[in-house]
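Examining the three-dimensional arrangement
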Amino acid sequence: QEHGHRDLAYVSGDPHDEGDSRVRLEAFHGVAGELGLDHGPRRVEPGFHSVPGGYAAMKRLLERRSRLTAVLASNDNSALGAMRALAESGRQVPDDVAVVGFDDQPWAAGYIPPLTTVHYPLAEAGRRAVELLLARIDGATSEPDVLRVSTRLVGRRSCGCLPCEASGAIRTAVELEGGEAPGGAAASPPGTV
């Protein structure tokens, strides 16, 4: 929304998956609805959480939505496939179409352009799942219906965020807390990178 996009699409996961794919698709519909954005079925194509799937989904979306300005993908692999289809069609990321993934795979920061993505704390999710399993083994009978872990947006170039914008956000947070920048360096003065 901060970048002014109104014409967006979503590369979903597996339409038959009642787990992550369904939850992420519902989140897309919910947030798009809250923002007053069109999120009808013509704006969604399954990418099956794979590079080839994301590529095929983006090709289908481009056939229908020539004015598309932003694409959200249910994972980083689908986002990568979507970016390849966009490049093949002559559209540049982020100048013509912004792209955002999900998971924050290790390669996401090194891709050209670096992929904006939602960081999913896989290690934390695994730790909490093991805790639930151990509790069950110890005889616990009640388990939560839903186990939530915190996520965060990692802004990079693929959505139009410039590196200096990202460093400014880090600098501002550090200054507000009166601490040091990551890595022990002092916070940079405003206007520097």
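Notes on the structure in this doc start here. Just so it is clear, the structure is predicted and the values come from calculations on it, not from any experiment. (Residues numbered from 1 in each chain as written. Predicted model: local features only at pLDDT ≥ 70, side-chain atom pairs only at ≥ 80, totals over all residues. Heavy atoms only, no water.)

**Some remarks on unusual backbone geometry**
We apply this condition: Elements are defined by DSSP. Helices are runs of H or I of four residues or more, strands are runs of E of two residues or more, and each kind is numbered from the N terminus. Burial classes: relative accessible area under 20% of the type maximum marks a residue as buried, over 50% as exposed, and values in between as partly exposed (1.4 Å probe, protein chains only).
Note that the residue after valine 93, namely proline 94, is joined by a cis bond; omega there is 5°. Mapping proline 94 onto the fold places it in the loop between α3 (76-88) and β4 (98-103). Omega for the bond connecting isoleucine 112 with proline 113 falls within 30 degrees of zero, at -10°, which places this linkage in the cis form. Among the structural elements, proline 113 can be located in the loop between β4 and β5 (116-119). For aspartate 104, which is not a glycine, the phi torsion comes out positive at approximately 60°. Classification of aspartate 104 as buried rests on a relative accessible area of 17%.

**So, the sheet that holds strand β3 (residues 70-73)**
Our working definition: Strand pairing is assigned whenever DSSP detects at least two bridges linking the two strands. Under this scheme, a helix contributes an axis fitted over its contacting stretch, all axes are lines through C-alpha atoms, and angles between N-to-C directions fall in the 0 to 180 degree range. Whether two residues touch is decided by their heavy atoms; if any such pair falls within 4.5 Å, the residues are in contact.
Spatially, six strands are ordered β2-β1-β3-β4-β5-β6 in an open sheet, and the strand pairing comes out mixed. Strand pairing shows two members of the sheet lacking a second neighbour, β2 (44-46) and β6 (152-154), which therefore form its edges. Taken over all neighbouring pairs, the strand axes of this sheet differ in orientation by 20° on average, direction set aside. The pairing of β5 with β6 spans three bridges and is classified as antiparallel. The residue of β6 that forms the bridge with histidine 119 is arginine 152. This element, helix α2 (residues 51-64), spans β1 (8-12), β2 and β3 of the sheet and lies at about 150° to β2. α3 rests against β1, β3, β4 and β5 of the sheet, and its axis sits at about 160° to β4.

**Points about the packing of aromatic side chains**
So the rule is basically this: Only Phe, Tyr and Trp rings take part, Trp by its six-membered ring, and two of them pair if their centres are within 6.5 Å. Stacked means planes under 30 degrees apart, edge-to-face means over 60, and tilted covers everything else.
Taken as a whole, this structure holds three aromatic pairs when the rule is applied. Between phenylalanine 102 and tyrosine 120, the ring centres sit 6.4 Å apart and the planes meet at 40°, which makes this aromatic pair tilted. Of this pair, phenylalanine 102 sits in strand β4 while tyrosine 120 sits in the loop between β5 and α4 (122-137); the two residues are 18 residues apart in sequence, bridging distant segments of the chain. For phenylalanine 102, a relative accessible area of 16% puts it in the buried group. Among the residues examined, tyrosine 120 registers a relative accessible area of 25% and is labelled partly exposed.

**Considerations on the pairing of β3**
Our working rule: Throughout, right-handed denotes a crossover for which the path from the first strand over the helix to the second runs clockwise when the strands point away from the viewer.
For β1 and β3, the ladder comprises four bridges, and the chain directions are parallel. Of the residues in β3, the one forming a bridge with valine 11 is alanine 73. As judged from the three bridges shared by β3 and β4, these two strands associate in the parallel manner. Looking at β4, one finds that valine 71 is bridged to valine 99. Note on the crossover from β3 through α3 to β4: the handedness is right-handed.

**Observations concerning the environment of serine 74**
Here serine 74 lies in the loop between β3 and α3. Relative accessible area serves as the criterion here: at 1%, serine 74 is assigned to the buried category. Separated by 61 residues in sequence, serine 74 and glycine 13 place their C-alpha atoms 5.8 Å apart. What serine 74 contacts, discounting residues up to four positions off in sequence, is Tyr10, Val11, Ser12, Gly13, Arg24, His49 and Phe102.

**Let's talk about the layout of surface pockets**
If you roll a probe as big as a water molecule over the atoms, it shows you where there is empty space left. To be explicit about the condition: Cavities and pockets were defined on a 1 Å grid built from protein atoms only: a cavity is a group of points that admits a 1.4 Å probe but offers it no way out, a pocket is an open group of points flanked by protein on both sides within 12 Å along at least five of seven lines, and a lining residue is one with an atom within 4 Å of any such point. Grid points are joined across faces, edges and corners, and a volume is the space filled by probe spheres set on the points. Polar here means any residue other than Ala, Val, Leu, Ile, Met, Phe, Trp, Tyr, Cys and Pro, which are nonpolar, and Asp, Glu, Lys and Arg, which are charged; Gly is therefore polar.
In this structure, the largest pocket spans a volume of roughly 1400 Å³. What lines the largest pocket is a set of 40 residues, and nearest its centre among them are Ala27, Val31, Phe102, Val118 and Thr151. If you list the elements that add at least two residues to the lining of the largest pocket, you get β1, α1 (20-34), β3, β4, β5, α4 and β6. Sorting elements by how many residues they give to the lining of the largest pocket places α1 first, with nine residues. Grouping the constituent residues of the lining of the largest pocket by class yields 25 nonpolar, eight polar and seven charged.

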